[in-house]
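Structural overview for review
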Amino acid sequence: MLADPAPSTLADRWRQRDLAVLWHPCTQMREHPDTLPLVPIARGEGPWLIDHDGKHYLDAVSSWWTNLFGHAQPRIGAAIARQATQLEQVMLAGFSHEPAVALAERLLAIAPRQAGRAPLAKVFYADNGSAGVEVALKMAFHYFRNRGEHHRTRFVALENGYHGETLGALSVGDIPLYRRVYAPLLTEALFAPSPDAYLAEPGQSAVQRAHQAADALATLFDQHPGEICAVILEPRLQCAGGMRMHDPVYLQRARELCDANGAFLIADEIATGFGRTGTMFACEQAGVMPDLLCLSKGLTGGFLPLSAVLATQALYDAFLDESRERAFLHSHSYTGNPLACAAALATLDIFASEDVIARNRGTAEVMARLAAPFNDHRHVADVRQAGMVVAFELTRNGDKRTPFPAEARVGLHAYTAALKRGVVLRPLGNVLYWMPPYCVEDQHLDLLAQTTLAAIEEAVACV
Ligand code: PMP
């Protein structure tokens, strides 16, 4: 049994109340609270989460990759408060409001562009990442229906990809732990090999690996002529799949293959968007514009659930008709919620008024410097970085051939070890990673690096 991170009667009372009524996400509830600590948080401030006893936890994973500028960031908080006294919600069918329109204008203005392509032109809102993915998949499918191309029904997704938990999003996801039990309910997607550079053969470069995977995607298109309506992928970084990274050339090849085969490219930038990988959007690193771009998480600075799907004019136009069935009738009650849009506008204001991407470049350099020594650690097989994301692949002998078995729960041990020391690291299997809010300073990163080392040592000692 692992030590409680913050034993106190107050915290214990919270835990009791919680476990009496709450069913937590992504959790084997039987593990609470003995194997898996449950930490009631009273408030947040900058990169810190603070419990009822005042214990501080450095949020090194930005609360599931949502938070950009710190917890309780005053500008975003104030924008939400202002909006709440103006208009909190109105249905977006038949009605409009300024935050929804202004946000769409600004998202389209900053969206990735590509020479020779008409820019993304329309924004459809949903209220979380998975819902945004559903929207993009349905739009792509429905487009071809509207055009009479009824044989285009299949999606291509990447091995080790993740796009959310709803059934459509799970169908194009490839993380067995989340997917396997629901397999009978899922539609059959085609899976193409991941360009993941970690999977490169000895002597194979990341670029060669990306080309090899793109060649396999080309073969898949050849095997299914005229059947594929879209390829969906996480550009540059497969997050839930263990922060696996790939060379941007893969995106260029995927773009070309989609064009050559008349299919759409859907970029899921729900996690990679808004500066995470070093550019505003990861697609920019390949100079590629997708036909559908899914955004969420950092879109509101991590304050409120909202997603946006950006689409081309050509795609949109195929839905204009006398028939209601040709229209995109998808709806969520909270589509384009004014409070969430106001939070997103305040987030974009911060990007506009401070050179966030440039400042992050400096922070990323500090992260790189602190991560470098882990390359020599006897249990670290790979240290990789994409902008504000650094990942450490733990293996038994520090080489790629000796992964820790899942049953060893190395990640869980590292998680509890870090939590005890006041840092939230939430490993993905055997991968520890840093994805902190952009407001982290050098002393936070020093703490993060020291704690990561201690957590690795403690975790491997447990297995
Ligand atoms: N796509 C990607 C790439 C994600 O990382 C996630 C969430 N981790 C989602 C989709 C789903 O978003 P949500 O959790 O808001 O449904």
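For the structure itself, look to the data block above.
An account of the accompanying structure is given in this report. Throughout this description, residue numbers start from 1 for each chain and increase along the sequence as written. Per-residue local features are limited, in this predicted model, to residues with pLDDT of at least 70; the limit for side-chain atom pairs, both in listing and counting, is 80 or more; totals at the level of whole chains, interfaces and linings are taken over all residues. Neither water nor hydrogens contribute to the side-chain values; these are computed over all heavy atoms in the structure.

A separate point is helix 3 (residues 74–84). Among the residues of helix 3, those classed as buried are Ile76, Ala79, Ile80 and Gln83. Buried residues in helix 3, looked at end-on, bunch into an arc of 95°, giving them a common side. Turned more than 90 degrees away from the buried face of helix 3, the exposed residues are Pro74 and Arg82. N-cap assignment for helix 3: the residue whose side-chain oxygen lies 2.8 Å from the backbone N of Arg75 is Gln73. Relative accessibility decides the category of a residue: with a 1.4 Å probe and only protein chains considered, values under 20% of the type maximum give buried, values over 50% give exposed, and everything between is partly exposed. In this text, helices come from DSSP runs of H or I with a minimum length of four residues, and strands from runs of E with a minimum of two, each type numbered from the N-terminal end. Directions pointing from the helix axis toward each C-beta atom define the arc. The term polar contact refers here to a pair of N or O atoms within 3.5 Å; inside protein, the definition further demands a hydrogen-donor-capable atom paired with an acceptor-capable atom, and it admits residues adjacent in sequence only when both atoms are side-chain atoms.

This part takes up the sheet that holds strand 4 (residues 120–126). Sheet strands line up and pair through hydrogen bonds in the backbone, either parallel or antiparallel. DSSP-based pairing: two strands are paired if at least 2 bridges between them are found. A sheet is described by the order of its strands in space; here seven strands give the open sequence 4-12-11-10-7-5-6, paired in mixed fashion. In the strand order of this sheet, the two ends are held by strand 4 and strand 6 (190–192), each with one partner. With direction set aside, neighbouring strand axes in the sheet form an average angle of 20°. Relative to strand 10 (residues 264–268), strand 7 (residues 228–233) is paired through four bridges, and the arrangement is parallel. Bridging from a neighbouring strand, Leu233 pairs with Ala267 of strand 10. Contact definition: two residues touch when any of their heavy atoms are within 4.5 Å. Only the stretch in contact is used when a helix axis is fitted, and all axes are lines through C-alpha atoms; the angle between N-to-C directions ranges over 0 to 180 degrees. Contacting strand 4, strand 5 (154–158), strand 7, strand 10, strand 11 (292–295) and strand 12 (307–312), helix 5 (residues 129–146) crosses the sheet at an angle of about 175° to strand 10.

Another point: the site of the ligand. For each residue, the test is whether any non-hydrogen atom lies within 4 Å of the molecule or strand; if one does, the residue is near. Around the ligand, the neighbouring residues are Trp65, Asn128, Gly129, Ser130, Tyr162, His163, Gly164, Glu234, Asp268, Ile270, Ala271 and Lys297. Between the ligand and Gly129, the relevant distance is 2.8 Å, taken from an oxygen atom to a main-chain nitrogen or oxygen of the residue. Across the complex, the protein chains shield 82% of the 390 Å² of accessible surface that the ligand would expose by itself. By the convention adopted, Pro, Cys, Tyr, Trp, Phe, Met, Ile, Leu, Val and Ala count as nonpolar, Lys, Arg, Asp and Glu as charged, and the other residues, Gly among them, as polar. Across the shell around the ligand, the residue classes break down as four nonpolar, five polar and three charged. Note on areas: Shrake-Rupley, 1.4 Å probe, and residue coverage restricted to the protein chains presented here.

In this section: unusual backbone geometry. Of note, the amide linkage connecting His32 to Pro33 takes the cis form, showing an omega dihedral of -5°. You can see Pro33 is positioned in the loop between helix 1 (9–21) and strand 1 (41–45). Within the chain, Ser62 stands out as a residue other than glycine whose phi angle is a positive 50°. Positionally, Ser62 belongs in helix 2 (residues 62–65).

Here the nonpolar core consists of buried residues drawn from Ala, Val, Leu, Ile, Met, Phe, Trp, Tyr and Cys, with membership extended through side-chain atoms lying within 4.5 Å. Ranked by internal contacts, the top residues of the largest apolar core, which has 71 residues, are Phe274, Phe351 and Trp434. With residues up to four places along the chain from it excluded, the contact list for Phe351 reads Leu68, Phe69, Phe274, Met280, Val356, Ile357 and Tyr438. Ranked by size, the runner-up nonpolar core spans 30 residues in total, among them Val172, Ile232, Cys294 and Ala318.

The four strands are arranged 1-2-3-15 in an open sheet whose pairing can be described as mixed. Across the chains shown, the open sheet's two edge strands, defined by having one partner strand only, are strand 1 and strand 15 (423–424). By the bridge criterion, four bridges tie strand 1 to strand 2 (residues 48–51) in an arrangement that is antiparallel. Along strand 2, the bridge assignment pairs Arg43 with Ile50.

On to the packing of aromatic side chains, then. Classification of ring pairs rests on two measures: the distance between centres of Phe, Tyr or Trp rings, Trp counted by its six-membered ring, which must be within 6.5 Å, and the angle between planes, read as stacked under 30 degrees, edge-to-face over 60 and tilted in between. Applying the stated rule across the entire model yields 14 aromatic pairs. Between Tyr162 and Tyr178 the ring centres are 5.7 Å apart and the planes differ by 70°, which places this aromatic pair in the edge-to-face class. Of this pair, Tyr162 sits in the loop between strand 5 and helix 6 (167–171) while Tyr178 sits in helix 7 (residues 176–179), and the two are 16 residues apart along the sequence. Exposure remark for Tyr162: the relative accessible area of 21% places this residue in the partly exposed category.

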